[in-house]
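In case you want the letters, here they are:
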Amino acid sequence: MLKITNKICLSILTLIYVLLVILLGLIIVLSITGPQNNLFPWQMAIGTILGTILLLGAFFLWGRIPHEKVKQSSLLYAALLILFGISLYAVSFANRNAIGYNDYAQIWNAALEISEGKPVSDEFYFKTYANNIKPMLYLSILFRAAKFLRFSDPFYFVLLLSVLEVLGAVWSVGILIGNTAEEHARYRIPVLFMFVFSLPIWANVQAFYTDSMSFVMSIISLALFKLCLEAASRFKSGLLLALAGIFTGLGMSIKITVLIPIIAGFIIFGISRPSLKRWCLMGTFLLCSGAAYGLTSLYAEGFPLWEAAKETSEPVINWIALGMKGEGSWSSNPDYILYVTTLPTKQEKTQYTLRYIWENRSDFWNLSHLFQKLRFNFASGHLGTKDFFPFTPSICWAPRRLSAA
């Protein structure tokens, strides 16, 4: 049996980081050489170079500050964190989209209807995209809480919670980035400024269910689990462990992509040669996460829409099929989207999707196709926010309009 040594762990970590650097380099090259949405290569190149120099210079200068002065920065950090939260709330509020488009509008409107005791008016959408039912139900609970707390508009309350989630992620990254109290204190302010530089991206926290916002839940969970491992008392350790599990389970119910950072954390945990006690803590964390997720499923089963969607929703492999051609978006696969959406049952959709993947398997590994997908995801210029700005409705909604007619 292979004995895992420190040298083996170091070799594995080195390989992982080398692959990450290569992938990041490829993404940067593709983004600079082929930007989209009226951006030019020289704009991308200058921005990337200047941004990298700025961040590296800032970290270098910050590292030269004496530790004694860094230790005294707690009040400054708290003040900057609050200021960032206020700024994020203000920017998000100013950019509020009163109408909404696509998924955001569907989830928001249905949650509002349920919170008011009304039936969901557009059941077709949720029977097709069942993955958005739980986020919608979660949002309806927030709407009820906002009403109970006398908010004139639930948007203000939902946005407040979303901003608090982002601030929790900022704090969590400060915990995860170092292994000692000295490292936590030294790097927490630079981490905060990295979030500040990304303020335009985080300005869409009003859409809490997106992939970007779902990662917030997993980052907080990982930080809580790390603090659990470092806790001196059993009570504190157990409390942190339960909170980490709740955040993970709730996050998974909102967006399954929460599992991506959790799996990465699990791999790092595994190759660090943890003791049996720590493996027991990991097992308890997984049980808490599963229990929290199970409770959200029990709550969802109380709604007929959830049960009906099990028979009509699109299968998970639909997202794999969507990425087989073009840039992997709905707009580049209209024929596939139109046909799958009109199939009446999940079983028929699964059968067709499997056949579609098999028939187009050779196209997936085409380098031009893979580069096109990378450019669409990283060089488009809209940073994943295009669903929250006015544009012509996608053709993928044609089946819903036809069925309604």
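The preceding data block contains the structure.
Only a predicted model underlies this, so the values are computations on that prediction, with no experimental measurement involved.

Student: Sorry if this is basic, but what is going on with helix α4 (residues 74-94) here?
Tutor: Since there are 3.6 residues in each turn of an α-helix, residues three or four apart along the chain are aligned in direction. With 21 residues, α4 should cover 30 Å at 1.5 Å per step; its first-to-last C-alpha distance of 30 Å lies within 8% of that length. Inspection of α4 places Tyr77, Leu81, Phe84, Gly85, Leu88 and Ser92 among the buried residues, and these make up the whole buried set. Projected down its long axis, α4 shows its buried positions confined to an angular sector of 100°, all on one face. Opposite the buried face of α4, at more than 90 degrees from it, the exposed residues are Leu75, Ile82, Leu83, Ile86 and Ala94.

Student: Any chance you could explain the nonpolar core here in plain terms?
Tutor: Considering soluble globular proteins, one finds that nonpolar side chains tend to be buried as a cluster. In terms of nonpolar packing, the biggest core is built from 73 residues, with Phe84, Phe126, Ile133, Met136, Leu139, Phe225 and Tyr336 touching the most fellow members. Apart from the residues within four sequence positions on either side, Ile133 is in contact with Phe126, Leu305, Trp306 and Ala309.

Student: Looking at this structure, how should I read a nonpolar patch on the surface?
Tutor: Side chains of Ile12, Leu13, Ile16, Tyr17, Leu20, Ile263 and Ile267 sit close together on the surface and give an oily, nonpolar patch of about 610 Å² of accessible area. Only α1 (6-33) and α13 (259-271) provide two or more residues apiece to the nonpolar patch. Here the element with the most residues in the nonpolar patch is α1; it accounts for five residues. Structurally, Ile16 is set in helix α1. Of the residues examined, Ile16 reaches a relative accessible area of 35% and is grouped as partly exposed.

Student: When you look at the pattern of salt bridges in this model, what are you seeing that I'm missing?
Tutor: Where side chains of opposite charge bring their charged atoms close, a pairing between them can arise. Under the counting rule described, the total for this entry stands at four salt bridges. A salt bridge links Glu123 to Lys127; the shortest N-O distance between them is 3.4 Å. Residue Glu123 and its partner Lys127 are both found in helix α6 (residues 123-128); the two are separated by four residues, about one turn of the helix. Judged by relative accessible area, which is 27%, Lys127 ranks as partly exposed. Connected through shared salt-bridge partners, Glu301, Glu307 and Lys310 make up one network.

Rules of the game
Residues numbered from 1 in each chain as written. Predicted model: local features only at pLDDT ≥ 70, side-chain atom pairs only at ≥ 80, totals over all residues. Heavy atoms only, no water. Helix = DSSP H or I, 4+ residues; strand = E, 2+ residues; numbered from the N terminus. Expected span 1.5 Å × (residues − 1). Buried < 20%, exposed > 50% of the residue type's maximum accessible area, 1.4 Å probe, protein only. Arc of directions from axis to C-beta. Core = buried A, V, L, I, M, F, W, Y, C linked by side-chain atoms within 4.5 Å. Contact = heavy atoms within 4.5 Å. Patch = residues over 30% accessible without salt bridge, like charges linked within 9 Å, V, L, I, M, F, W, Y side chains within 5 Å. Areas by Shrake-Rupley, 256 points an atom, 1.4 Å probe, with all protein chains shown as cover. Salt bridge = Lys/Arg side-chain N within 4 Å of Asp/Glu carboxyl O.

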